[in-house]
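# Examining the three-dimensional arrangement
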Amino acid sequence: MLSKDKLKTKNTHAFRRYNQSKLKKINNIYIETHIVIEGLKSLEDNPKRMTTRKGRKVAFCINMPSTKEGRRREITRSTEDLRAIAKARISEKEFVQSIIVAVSLTEDYIAEAVRLILEAYPKKLTLSQKGGAPSGHSKSISLSDLLDYSSMEDLIEDQVEKRIQDLLYASPKQYTEYIAAVAGVEIGERLIQEYAEVKATRDLYVHGDGKVNELYLKKAEQLARGKLGEKLVVDSEYFDHSIRVMKEIFTSVFKGLREKYSSDSNVERVLDHRGCHLI
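Figured I'd write up the structure that's included with this text. (Residues numbered from 1 in each chain as written. Predicted model: local features only at pLDDT ≥ 70, side-chain atom pairs only at ≥ 80, totals over all residues. Heavy atoms only, no water.)

With 57 residues, the main nonpolar core has Phe15, Ile117, Leu257 and Val267 as its most contacted residues. When contributions to this core are tallied by element, the ones reaching two or more residues are α1 (4-45), α2 (79-120), α4 (152-168), α5 (172-183), α6 (189-207), α8 (236-261) and α9 (265-273). If you tally residues by element for this core, the top one is α2, at 17 residues. Core analysis: the next-biggest nonpolar cluster, separate from the first, contains six residues, Leu204, Tyr216, Ala220 and Leu232 among them. (Core = buried A, V, L, I, M, F, W, Y, C linked by side-chain atoms within 4.5 Å. Buried < 20%, exposed > 50% of the residue type's maximum accessible area, 1.4 Å probe, protein only. Helix = DSSP H or I, 4+ residues; strand = E, 2+ residues; numbered from the N terminus.)

Another point: the pattern of salt bridges. Under the defined criterion, the tally for this structure stands at 18 salt bridges. Two residues, Glu248 and Arg190, come together in a salt bridge whose shortest N-O distance is 3.1 Å. Taken as a pair, Glu248 in helix α8 and Arg190 in helix α6 lie far apart in primary sequence, 58 residues in all. Note on Arg190: relative accessible area 46%, which makes it partly exposed. Here the salt bridges share partners, and the residues they tie into one network are Glu107, Lys199, Arg202, Asp203 and Lys219. (Salt bridge = Lys/Arg side-chain N within 4 Å of Asp/Glu carboxyl O.)

Relative to each other, α2 and α5 sit at 25 degrees, their axes nearing to 10 Å. Relative to α5, α2 is oriented roughly parallel. Crossing angle aside, the handedness with which α2 passes α5 is left-handed. For the pair α2 and α5, contact is made by Glu107, Ile110, Ala113, Val114, Ile117 and Leu118 and by Tyr175, Tyr178, Ile179, Val182 and Ala183, respectively. The residue inventory of the contact of α2 with α5, partitioned by class, reads 10 nonpolar, no polar and one charged. (Axes fitted to C-alpha atoms, helices over the stretch in contact; angles between N-to-C directions. Parallel < 35°, antiparallel > 145°, perpendicular 65-115°, else oblique. Left-handed = near helix turned anticlockwise from the far one by under 90°. Contact = heavy atoms within 4.5 Å. Nonpolar A, V, L, I, M, F, W, Y, C, P; charged D, E, K, R; others polar.)

α8 packs onto α6 with a crossing angle of 130 degrees between their chain directions and a minimal axis gap of 10 Å. One way to sum up the angle between α6 and α8 is to call them oblique. The two elements α6 and α8 meet at a crossing, and its hand is left-handed. Touching Arg190, Leu191, Glu194, Tyr195, Glu197, Val198 and Thr201 of α6 are Tyr238, His241, Ser242, Arg244, Val245, Met246, Glu248, Ile249 and Ser252, all from α8. Of the residues belonging to the contact of α6 with α8, the class tally is seven nonpolar, four polar and five charged.

Structure below.
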């Protein structure tokens, strides 16, 4: 058995390494976004040299799949088309796409923290799912279902994954309350409200055209950035704000794990089973 100091060092190292890997990914999202935008600005200012296609002057052409399998067709765009496409990507679309990816990364980070603690403390699977915890699966398992599992480890693994799936459909408030109940990791109310608004903005663009609806107003609450029917602005300033909020969540989860579980032998056992990685 490891000494308390060595155990603390080992667990803390695993938490820090995972946190740094996620921070690097979200930093890369930010860098990639601005690389693309700089390229688009160049395209907007200096579109490709004109070529002739079917007697028509075009600045861009590409062979792409048609509606019929195995067939392709040439698509062309004029200089004006290219400038319009580049302008739309620069002003909004590139930021929207990057926020969508970053939110998924953040949800994954929270889910992994929950998975780690549930695997280390399976009895926490029996916690009531009231008070903000994701709803869905009962803590009771029928005898017939129980007999379907070849081992207790398989049973625990399956139930943990069901809890994680619940998290994917929960609101930010619900799954942060759940991680507080399960892992004792607290994420500040202000930060959760900001993240809820970012996620609600993400949802508007994933499921629609970015125009404010009743569901957005309900999710964003007092931080709603527009009125019903208005299209939300997703620009460079808002993108910076969103990335900051998500990085703060990473830091909150990391600090919570470090404070609660750096010297925890059950957590060390799970980390050791995974090769000292959270995933």
